[in-house]
Amino acid sequence: MTAGARDPSRTFAMRAIVAGSVLMLVAVMLGAFGAHALQERLAPRQLASYHTGVLYQQLHALAIVLLG
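Quick caveat, the model's predicted, so the values are computed rather than measured.

Trainee: Would you take a moment to explain the overall build of the protein for this structure?
Mentor: The secondary structure content of the protein amounts to two helices and zero strands. If you line up the protein on its principal axes, its C-alpha atoms span 60 × 15 × 10 Å. Relative to its 68 residues, the protein shows a buried fraction of 15%. Taking the contacts inside the protein whose residues are at least 6 apart along the sequence as the reference set, 67% of them involve residues at least 24 apart.

Trainee: Would you explain helix α1 (residues 8-36) in this entry?
Mentor: Side chains that are three or four residues apart share a direction in an α-helix, a result of its 3.6 residues per turn. Here α1 is 29 residues long and its end C-alpha atoms lie 42 Å apart, about the 42 Å a rise of 1.5 Å per residue gives. Every buried residue of α1 is listed here: A13, A16, G20, A27, G31 and G34. Those residues of α1 hidden inside the fold are in contact with α2 (44-67).

Conventions adopted
Residues numbered from 1 in each chain as written. Predicted model: local features only at pLDDT ≥ 70, side-chain atom pairs only at ≥ 80, totals over all residues. Heavy atoms only, no water. Helix = DSSP H or I, 4+ residues; strand = E, 2+ residues; numbered from the N terminus. Buried < 20%, exposed > 50% of the residue type's maximum accessible area, 1.4 Å probe, protein only. Contact = heavy atoms within 4.5 Å. Expected span 1.5 Å × (residues − 1).

Written out as C-alpha cells, the structure is:
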C-alpha cells in the first residue's frame, strides 16, 4: 500500500466508532433531558416508554462502537 492510500476496513472501523460514540452522547443527553425536564410533564407510563427508547438508543450505539 502506498503512503497516501487508506485501508478501507480501518476507515470503516473509525467511522463506526465515531458514529457510535456520537450516538451514545445523544442517548446520554436524551436520558438526562428525560430525567430532568420531562419528569414533571409526562405521565409515568409515558416516561417509562421514553426511557425504554433511550435504552434502545444506548444499546444500538454501543453495538455500533463494538462493530468498529
